[in-house]
Amino acid sequence: MGKTENNSQVEIRKFVNDQLSHWPMACANFRALKGVQTRSLNIGGLDVVLQHNPARMISSAAKLDKSSIAARPCFLCNRFPEQTFIRFDGRKGKKYDILLNPYPIFPDHLVIALSKHSPQSIWKRYIDILDLSRKYQSYTFFYNGPHSGASAPDHHHFQACPSGIMPLERDVQRLLTPEEKTPVLEYLTRVQDASLYHYRKYLPGTSVLRAATSTSAAKLFYRLLDCAETPQGESEPLFNLISWFADGEFRSIIVFRTRHRSHHYFSDGEDHLTMSPGCADMGGYLIAPVESDFQKLDENLLTEVLSEVTLP
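Cut-offs applied
Residues numbered from 1 in each chain as written. Predicted model: local features only at pLDDT ≥ 70, side-chain atom pairs only at ≥ 80, totals over all residues. Heavy atoms only, no water. Helix = DSSP H or I, 4+ residues; strand = E, 2+ residues; numbered from the N terminus. Buried < 20%, exposed > 50% of the residue type's maximum accessible area, 1.4 Å probe, protein only. Contact = heavy atoms within 4.5 Å. Areas by Shrake-Rupley, 256 points an atom, 1.4 Å probe, with all protein chains shown as cover. Lys, Arg positive; Asp, Glu negative; His and termini not counted. Charge placed at Lys NZ, Arg CZ, Asp CG, Glu CD. Axes fitted to C-alpha atoms, helices over the stretch in contact; angles between N-to-C directions. Parallel < 35°, antiparallel > 145°, perpendicular 65-115°, else oblique. Left-handed = near helix turned anticlockwise from the far one by under 90°. Nonpolar A, V, L, I, M, F, W, Y, C, P; charged D, E, K, R; others polar. Pairing = 2+ DSSP bridges. Salt bridge = Lys/Arg side-chain N within 4 Å of Asp/Glu carboxyl O. Polar contact = N/O pair within 3.5 Å; in protein donor to acceptor, adjacent residues only side chain to side chain.

**Q** So what's going on with the overall build of the protein chain? Which residues, and what values?
**A** For the protein chain, the count of helices and strands is eleven helices and 13 strands. The C-alpha extent of the protein chain, read off along each of the three principal axes, is 50 × 40 × 40 Å. Relative to its 312 residues, the protein chain shows a buried fraction of 57%. Relative to all contacts within the protein chain whose residues are 6 or more apart in sequence, the contacts with residues 24 or more apart total 67%. When the accessible area of the protein chain is evaluated, it comes to approximately 13,800 Å², of which 53% is carbon and sulfur surface. In the protein chain, the 35 positive side-chain charges and the 34 negative ones have mean positions that sit 8 Å from each other.

Okay, here's the thing in structure tokens:
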């Protein structure tokens with residue numbers, strides 16, 4: 001990595017350390033993260049991680065209907081007193097604040113919030129996540145659609161974690177640098193220097209995009225979204241996005257969704273699960289905030305949950 005990336009990494013590391021030294025609640029949650037229970041399972045040919053993380057209950061159980069969102073103050077506008085930020089300049093005058101996530105799933109878990117209150121939307125903002133990934137190359141950035149896992153659908157934001165943590169990202173990264181072609185990545189189409197593939201394991205509605213330039217990546221990305229169904233009343237298709245920069249190119253994973261939560265979340269019976277799958281879950285890092293759920297989840301039950309919320 002070059003000098004710019006090293007400086008950017010130092011900037012983020014100093015920021016995280018400063019936040020943890022001055023913000024007791026966030027420090028406690030990050031310390032607790034080191035002791036969470038995890039176990040491995042295989043879903044659709046991918047080895048995934050199941051994490052029991054009680055601190056994520058605030059997100060997993062969040063009420064996301066319009067009336068509940070309207071009744072609560074925006075927590076990305078009304079921040080904790082200890083919460084500081086690094087400013088990032090997006091395209092066409094957009095400003096973002098890089099924040100520490102006080103309820104982490106990952107080490108160095110970040111939130112990148114638009115500096116003004118504006119609804120969660122990927123339109124004209126995909127280019128910004130690409131720029132973020134190029135500047136901070138040791139991080140992977142991800143986006144939850146407004147009804148695909150975003151706990152703040154009223155305020156646009158991305159998230160980030162150190163690269164190489166999510167199992168789906170690791171597998172795609174491995175497949176994009178093979179010595180020979182693999183049937184797991186099925187070539188679909190090309191726009192200039194950008195190529196699109198179908199990822200043929202784990203979750204069926206998964207696409208992989210690689211591009212040498214951000215301009216061609218954006219053209220192909222939005223063409224892909226145009227091909228997907230947008231539910232009535234929604235501003236975009238239901239999907240999750242994982243994006244990073246590696247080996248001199250932009251790489252993105254797009255997982256199309258059918259809904260946010262499976263029937264298990266709404267059940268009053270023995271099959272109830274307090275799981276609200278978002279981008280981390282789609283990336284193979286599945287979160288169970290309730291210990292009893294963590295104990296009873298197996299490969300069949302997790303497959304059932306994921307099959308209900310992703311495009312067949």
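**Q** Describe the packing of helix α5 (residues 126–135) against helix α7 (residues 214–227), and please don't skip the residues or the numbers.
**A** Here α5 crosses α7 at 140°, and the two axes come no closer than 10 Å. Of the possible angle classes, the one that applies to α5 and α7 is oblique. Classified by chirality, the crossing of α7 by α5 is right-handed. Note on element contacts: α7 touches α5 through Ser 214, Ala 217, Ala 218, Phe 221 and Tyr 222, opposite Tyr 126, Ile 127, Leu 130 and Arg 134. Its residues assigned to classes, the contact of α5 with α7 comprises seven nonpolar, one polar and one charged.

**Q** Now, about the sheet that holds strand β1 (residues 37–43): what can you tell me, with residues and values included?
**A** Overall, mixed pairing links the three strands, which are arranged β1-β2-β13 in an open sheet. A strand with exactly one partner marks an edge of an open sheet, and here the two such strands are β1 and β13 (285–288). If you compare each strand with its neighbour and ignore which way they point, the axes differ by 30° on average. With seven bridges joining them, β1 and strand β2 (residues 46–52) adopt antiparallel strand pairing. By the bridge assignment for β2, Ile 43 is matched with Leu 46.

**Q** Requested: an account of the side chain of Arg 257, with residues and values cited.
**A** Position of Arg 257 relative to the elements: it lies in the loop between β12 (249–256) and α8 (263–266). Nearest to the buried, unbridged Arg 257 among oppositely charged side chains is Asp 281, at 7.0 Å. A polar contact is formed between the side chain of Arg 257 and the backbone oxygen of Ser 148, at a distance of 3.2 Å. In this structure the side chain of Arg 257 is engaged in a polar contact, spanning 3.0 Å, whose partner is the backbone oxygen of His 260.

**Q** Kindly report on the pairing of strand β9 (residues 194–199), identifying the contributing residues and their values.
**A** Among the six residues that make up β9, five are buried, leaving the element largely enclosed by the rest of the structure. As paired strands, strand β8 (residues 185–191) and β9 are joined by six bridges and run antiparallel to one another. Residue pairing in the sheet places Leu 185 in a bridge with Tyr 199 of β9. Linking two consecutive strands that pair antiparallel, namely β8 and β9, is a turn of two residues; a positive phi of about 55° is found at Gln 192 within it. Hairpin connection, β9 to strand β10 (residues 206–211): the antiparallel pair is bridged by six residues, and Tyr 202 has positive phi, about 65°.

**Q** Can you tell me about the side chain of Asn 101, naming the residues and giving the values?
**A** Along the chain, Asn 101 falls in the loop between β4 (95–100) and β5 (110–114). Its relative accessible area of 6% is what places Asn 101 among the buried residues. Side-chain polar atoms of Asn 101 contact the backbone nitrogen of Tyr 103, separated by 2.9 Å. Apart from residues lying up to four places away in sequence, Asn 101 is in contact with Phe 30, Arg 56, His 109, Leu 110, Val 111 and Gln 159.

**Q** Provide a residue-level description of the environment of Phe 294, including the pertinent values.
**A** The topology assignment puts Phe 294 in helix α10 (residues 291–296). A relative accessible area of 3% places Phe 294 in the buried class. Note: C-alpha distance between Phe 294 and Gln 51 (243 residues apart in sequence) is 7.5 Å. Ignoring anything within four residues of it in the chain, the contact list for Phe 294 reads Gln 37, Thr 38, Arg 39, Leu 50, Gln 51, His 52 and Ala 288.

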